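# Geometric and topological summary
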Amino acid sequence: MISDETGNPVGFVTVSAKNMNTQQTYQAVADSAGNFTISNLPVEGQYNFDFSAVGYQSRSISGYILKSDGPNSIIVSLKADDESLGDVVVVGYGTLRKSDLTGALSSVDTKEIASRATSNPAEAIQGVVAGVNVQKSSGIAGSAPSVKIRGVSTFGSNEPLYIIDGFPGSISSVNPNDIESMEVLKDAAAAAIYGSVAANGVIIVTTRRGKGGKVQVDINSYASSTQTAKRLDMLDAQGYLTVHKRMYDEYNKYESKKVSLPGYLSNPGIHNTNWQDEVFRTGFATTQSVAVSAGQNDTRMSLSANITDEKGVVISNTLKQQNARIKVSTKKNIFTIDGNMSFTGSKTMSPNFSLKEVYMLSPLVPVYDSEQQGGFGLTNWGGIPNNVNVVADEHFKSSWTKRQNVTGSASVGVDIIKGLTFKSSYSYRGNNYQYYYHRPAFVSDVKNPYEYPYYSESRSYWEEQVIDNLLNYTNKFHKHSVNALAGTSLTLQSSNWNSVGVEGKKTVYSVKNGVLVTNELPEGFLDPYFMTIDAGNGGTFSADGSRYEYNRMSYFGRLNYSYDDRYLLQFTIRRDGSSKFGEDSRYGNFPSVALGWKINDEPFFPEKTVISNLKLRASWGRLGNEVALGYYDHQALITRYNSLFMGYVQGSGSNPWPGSIAMGLENRILRWETTTSKNLGLDFGFLNNALSGTINYYYNTTKDLLITKKLALSSGLEDPILNVGQIRNSGLEVELKYTRNAGDFRYNVGMNLSTLNNKILSLANEDQVLMGVGLKYGTEHFPNQTRVGYPIGAFFLYKTDGIFQNEQEVAAHKNKDGDLLQESAKPGDLRFVDTNGDGVIDDKDKEYCGTGMPKIEANLKLGASYKGFDFSALIGSGWGHKLYNGNRYFYEGMNSGSNFLASTLDAWTPENRNSKIPRAVLQDPNGNTRESDRFLEKGDFVRLRHIQLGYTLPKWALARIQSDQLRIYISGENLLTWTKYEGIDPEFAPSGVLSTGVDRLIFPFTRSYVVGLQFSF
């Protein structure tokens, strides 16, 4: 039996018994009660027993002689090792004691990940680690979150590198219940070993390994009910009529050429459709996972499987996903062999309709109309604004995505001499993707009917092979401790894709009066609902496809040195060569150096003090990034066009003659984006580490940003990508945790806080402006601009100064020459400010109005347990940022044929002059809907991200059912949000970094209620 110093049992201790005569080693793992059994030990010879467990000092018993005439028993007491609590953390290509870390690294409590109702572990770390920003892009089942570490450092993807069991991988393919440890590497000292792919940070995930002793089975199951957390409040039928009549009345009040009122205003019909109710529903999800682990002697094995079945909150939206993983490791003499294989399969059905149309579609239109073709309501009566019946789209269209991801790795390690090991490993990752789409001929939009059936399939296969060779040396002599690593890594990637589609029509050509004439006739598809390519034989086929290859060769080394376990030094260097770059700049070097000082271990440090741990850290290093660059951007590629663009077309354009051209120039000096990272950190603990924490200050500068430089149109060339930009991210991170036990009552409080200051230092030109997404057709209404001296994707907007209340105020709004600043303005319109005083209101009057990136993010974690009950909660918040409510631009404009937000009922009228919303007027002659601070709102929020209450059966009850653990719990996700922001949600992933903070047609996020079971035996 194994216990601690107070007599409480210590579970899951690894026990090794070595026969000194035969040198044979036998192993076992103690159960949760501290009991262990090793059967069939030979009686002959003496045994050395070793006991080890995380959080306790290892202990050995030598010279133990077994009795041959009866059972043998050992009672062992282990001492707590405060320094080793969470003592070993996974770093790049190895492990380190946490007390020896010199870089900025945060460990994630894997229990928190397993307790969250999600199939993607990235969602579960939201609000858990300082400096890590996790945002959802959509409430659709199967949508992936966006993860950023320490801000935005590139115009390409800012996603971190994920290392799964030692190799690059996808976090979405990992079952949250499989995770044994997760570390977040945030600075160059921690991440430089990964060099050119680590500029966005690194998240290292280690999955569960087998344990010695008896077979252990863990079962986790939960079910959750989900609903939209918030919807837009749109006009009902009566409100629709009211606002639309105001639009026409206001227009006709001042225009000499009146516009007739459309028929739907005088004869609206009887319908009052809530289109959000038609497309949103209550969702439901279930997840079941089982894991089996076992081990004997020097062999370990673990096997796990997981099934997720989710019905989303949007009609037809579903996700079905399966995960399976097996890990095996064994040690024989001087060899250590590891194998790992995993499979993830998924099928996702996403919405086939436009969310924009859901909000625009008039409530006067019925969902179903038996008199219409297809039986669905259409906008073909009374002059009602034309829109698409989204329910009809979802009924007739069908699409689904299937993915199969396979990962396998194997490694062989050799203990060459004491302290010197060599390891060679190979990893393969293959991602298979298929997308299917089908629709028959149908009508959901009277202006754009689908006249012919159509079916298409798209497929791609991406694969990656990684070959690593590592040499590791560890030694301690006198007061010196050395750990050295040298290695190489070869990465080989390739991908190919193809798509084919067929439409049930044929094109007939004829010549009439010397002119080529084309006509379309139905052809193919014996049945319009057949879903195979062959079904369209005789119709019009289209196809496309391509492939690419990519290689990277890397050499790296790391030295960790410690003197007297007080003074720490780490030096890392990595040299990468990438096929993305030309011969003149194919290789890049990425060094880092870090220092650490354990102040509390100094002789001068008082022994009796509340300070139990105090370590100072400092680091400098460089990291690379190439994700913003295409695989062949350094070459002058010849492109072949088979369309109106760059092709030669006759007739209707269905069969153009192709053309080929190289529109770019070769650039052999394209080089890596390089981030220089500086970090100063302090680790501390008080009251025997009851209160512990970390403070980090970081200052990261990325240079040689890959940016498109605009050329004169007369050049006839595509705008080239050059290394010309520079961006800076800096901030402070604080992590605190307090834990206390009072008898059977235990509680803990955790807090993390991070600040972010993002600034563009240079672009291709000092006056260059990079625009975000245009909200109007992609070509107009740009709220975001990226300029030198401001954050990336900053808001540059017209400033407003209230609403004109009468004609006198309009006439008084003049420039210094006496000319009207807003010639088209009328009472009820917005007053815009001539900020630069040039007498004209134009784009030059746009001013910096803030950024969509929170300046401060703070999260609070609460945990408590009493006997069998446990409680946890996570509260998150963001402060100091602005959000551009694009939905208000779309649906508060009151200038065209659309449904609008219910807030427009409070728009300005002569009888309602206290409104902040301008008048409703057709065509918006004053430009009230231009990009202005009218649509800009504070983004501050506080959110109850997660709350859970659980109960674990006591040991006496578990013994009756022969179980190690049985826990039931209920929890809620995203239950409450406190914010003044009027949009769907204040915390969302932007469509791109240049459009940071723009809320634009995001499917509503969800609120979930969960009940779950955890069972082990």
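If you're wondering where the values come from, they're calculated on a predicted model, not measured in any experiment.

### Quick look at the overall build of the protein chain
Counting its regular elements, the protein chain contains eleven helices and 51 strands. The C-alpha atoms of the protein chain give a radius of gyration of 33 Å, which matches the 31 Å a tight globule of 1017 residues would have. The dimensions of the protein chain, computed from C-alpha atoms along their principal axes, are 110 × 70 × 65 Å. When each of the 1017 residues of the protein chain is scored for burial, the buried share is 50%. Expressed as a percentage of contacts within the protein chain between residues at least 6 apart in sequence, the contacts between residues at least 24 apart total 69%. With the model as given, the accessible surface of the protein chain reaches about 46400 Å², and the carbon-plus-sulfur share is 54%. Computed over 100 positive and 102 negative side-chain charges, the inter-centroid distance for the protein chain is 4 Å.

### Here we look at the pattern of salt bridges
One pass over the full model with this rule turns up 48 salt bridges. Linking Arg-617 and Asp-683 is a salt bridge whose minimum nitrogen-to-oxygen distance equals 3.1 Å. Here Asp-683 lies in strand β33 (residues 673-686) and Arg-617 lies in strand β30 (residues 611-625), a separation of 66 residues in the sequence. Classification of Arg-617 by relative accessible area gives buried; the value is 3%.

### Remarks on the sheet that holds strand β13 (residues 167-168)
Taken in spatial order, the five strands line up as β9-β14-β15-β12-β13 in an open sheet, and their pairing is mixed. Pairing within the sheet leaves two strands with one partner each, and these edge strands are β9 (105-108) and β13. Where strand β12 (residues 161-164) lies against strand β15 (residues 202-207), four bridges are found, and the strand directions are parallel. Residue pairing for β15: Ile-163 is matched across the bridge by Ile-204.

### Section: the environment of Ser-619
Along the chain, the position of Ser-619 falls in strand β30. Through-space distance from the C-alpha of Ser-619 to that of Ala-190 is 9.1 Å; in sequence the pair is 429 residues apart. In this view, Ser-619 contacts Thr-102, Asp-187, Ala-189, Val-593, Ala-594, Ser-677, Lys-678 and Asn-679; residues no more than four positions away in its chain are not counted. Within polar-contact distance, the side chain of Ser-619 engages the side chain of Asp-187 at 2.7 Å.

### Remarks on the packing of aromatic side chains
Applying the stated rule across the entire model yields 34 aromatic pairs. Aromatic side chains Tyr-437 and Tyr-454 sit 6.2 Å apart centroid to centroid with 55 degrees between the ring planes, which places their arrangement in the tilted category. In this pair, Tyr-437 sits in strand β22 (residues 420-439) while Tyr-454 sits in strand β23 (residues 454-477), placing the two residues 17 residues apart along the sequence. Ring plane angle 85 degrees and centroid distance 5.0 Å describe the contact between Tyr-790 and Phe-796, whose orientation is recorded as edge-to-face. The exposure class of Phe-796 is buried, given its relative accessible area of 2%. Among the aromatic residues, those joined into a cluster by ring pairs are Tyr-359, Phe-795, Tyr-884, Tyr-889, Phe-890, Tyr-891 and Phe-935.

### Topic: the UniProt feature "domain: TonB-dependent receptor plug" (unreviewed entry) in the protein chain
Taken from the UniProt record, the annotation "domain: TonB-dependent receptor plug" (unreviewed entry) applies to residues 98-202. For residues 98-202, the helix share is 12%, the strand share is 25%, and the end-to-end C-alpha distance is 17 Å.

### Topic: the sheet that holds strand β3 (residues 25-29)
Spatially, the four strands line up as an open sheet ordered β3-β2-β4-β5, and their pairing is antiparallel. With partners counted over all chains shown, the strands left at the sheet margins are β3 and β5 (59-65), one partner each. This sheet shows a mean twist of 20 degrees between the axes of neighbouring strands, independent of strand direction. Summarising the sheet, strand β2 (residues 14-19) and β3 pair through five bridges and their orientation is antiparallel. Bridge pairing in β3 places Lys-18 opposite Thr-25.

### Regarding a nonpolar patch on the surface
A contiguous nonpolar patch, built from Tyr-567, Trp-597, Phe-604, Leu-616, Leu-680, Ile-695, Tyr-697, Tyr-699 and Leu-732 and spanning about 790 Å² of accessible area, is present on the exposed surface. The element best represented in the nonpolar patch is strand β34 (residues 691-708), accounting for three residues. Along the polypeptide, Trp-597 turns up in strand β29 (residues 587-598).

### Overview of the pairing of strand β7 (residues 88-91)
The side chains of a regular strand alternate between the sheet's two faces. Sheet analysis places β7 next to strand β8 (residues 94-97), joined by four bridges and oriented antiparallel. By the bridge assignment, Val-90 is partnered in β8 with Thr-95. Where β7 folds back onto β8 in an antiparallel hairpin, the turn is made up of two residues, including Tyr-93, whose phi is positive at roughly 60 degrees.

### Notes on helix α4 (residues 237-254)
With 18 residues, α4 extends 27 Å between its outermost C-alpha atoms, agreeing within 8% with the 26 Å of an ideal straight helix rising 1.5 Å per residue. All of the buried residues along α4 are Ala-237, Gly-239, Tyr-240, Leu-241, Val-243, His-244, Met-247, Tyr-248, Glu-250, Tyr-251 and Asn-252. Those residues of α4 hidden inside the fold are in contact with α5 (263-266).

### Considerations on unusual backbone geometry
Phi angles above zero are rare outside glycine, and Asn-689 is one such case at about 65 degrees. Checked against the element boundaries, Asn-689 lands in the loop between β33 and β34. The backbone of Asp-924 sits at a positive phi, close to 50 degrees, despite the residue not being glycine. Its place among the elements puts Asp-924 in the loop between α10 (886-891) and β47 (936-938).

### Some details on the side chain of Asn-859
Within the secondary structure layout, Asn-859 lies in strand β44 (residues 856-866). Excluding residues that lie within four positions of it along the chain, Asn-859 makes contacts with Gly-127, Gly-750, Met-751, Asn-752, Leu-874, Ile-875, Gly-876, Ser-877 and Arg-945.

### Notes on the side chain of Asn-405
Looking at where Asn-405 falls in the secondary structure, it is placed in strand β21 (residues 398-417). Other than its neighbours up to four places away in sequence, Asn-405 contacts Ser-342, Phe-343, Thr-344, Gly-430, Asn-431 and Asn-432.

### Thoughts on the environment of Glu-823
Among the structural elements, Glu-823 can be located in the loop between α9 (807-812) and β42 (830-832). For the pair Glu-823 and Asn-926, spaced 103 residues apart in sequence, the C-alpha separation works out to 8.1 Å.

### Details of the environment of Asn-175
Mapping Asn-175 onto the fold places it in the loop between β13 and β14 (179-185). Counting along the chain gives 463 residues from Asn-175 to Ile-638, while the straight-line C-alpha distance between them is 43 Å. The residues contacting Asn-175, other than those within four sequence positions of it, are Ser-289, Ala-305, Asn-306 and Asn-323.

### Thoughts on the confidence of the model for the protein chain
Taken over all residues, the pLDDT of the protein chain has a mean of 90, while the share at 70 or more is 96%. Low confidence marks residues 82-86, where pLDDT is under 50. Its contacts with residues over four positions away, or in another chain, come to twelve contacts.

Definitions and limits used
- Positions within a chain are numbered from 1, following the residues in the order the chain's sequence is written.
- Reporting of local features is limited, given that this is a predicted model, to residues whose pLDDT is at least 70; pairs of side-chain atoms are given and counted only at 80 or more, and all residues count toward the totals for whole chains, interfaces and linings.
- In computing side-chain values, all of the structure's heavy atoms are included and hydrogens and water are not.
- What counts as a helix is a DSSP run of H or I of at least four residues, what counts as a strand is a run of E of at least two, and both are numbered from the N terminus.
- In this description the radius of gyration comes from C-alpha coordinates, and the expected globular size is given by 2.2 Å times residues to the power 0.38.
- Each residue is assigned to one of three classes by its accessible area relative to the maximum for its type, calculated with a 1.4 Å probe on protein chains only: buried under 20%, partly exposed between the two thresholds, exposed over 50%.
- We call two residues in contact whenever any of their non-hydrogen atoms come within 4.5 Å of each other.
- Accessible surface area values rest on a Shrake-Rupley calculation with a 1.4 Å probe, where residue burial reflects the displayed protein chains alone.
- His is not counted here, nor are the chain ends, while Lys and Arg score as positive and Asp and Glu score as negative.
- A charge is said to be at NZ when it belongs to Lys, at CZ for Arg, at CG for Asp and at CD for Glu.
- Think of a salt bridge as a Lys or Arg side-chain nitrogen and an Asp or Glu carboxyl oxygen that are within 4 Å of each other.
- Should DSSP find at least two bridges between two strands, the strands are regarded as paired.
- Two N or O atoms form a polar contact when they lie within 3.5 Å of each other; inside protein one atom must be a possible hydrogen donor and the other a possible acceptor, and for residues adjacent in sequence the pair counts only when both atoms belong to side chains.
- Planes of paired rings set the category: under 30 degrees apart is stacked, over 60 is edge-to-face and the rest tilted, where pairs are Phe, Tyr or Trp rings (Trp by its six-membered ring) whose centres lie within 6.5 Å.
- UniProt positions are given in the numbering used here, feature names are shortened, and annotations may be inferred rather than shown by experiment.
- All axes here are fitted lines through C-alpha atoms, helices being fitted over the stretch that makes contact, and every angle between N-to-C directions spans 0 to 180 degrees.
- For patch detection, residues must exceed 30% relative accessible area and be free of salt bridges, and they are connected within 9 Å for like charges or within 5 Å for nonpolar side chains (Val, Leu, Ile, Met, Phe, Trp, Tyr).
- The span you would expect from a helix comes to 1.5 Å times its residue count less one.
- Looking at any residue, its pLDDT shows the predictor's confidence there, from 0 to 100.

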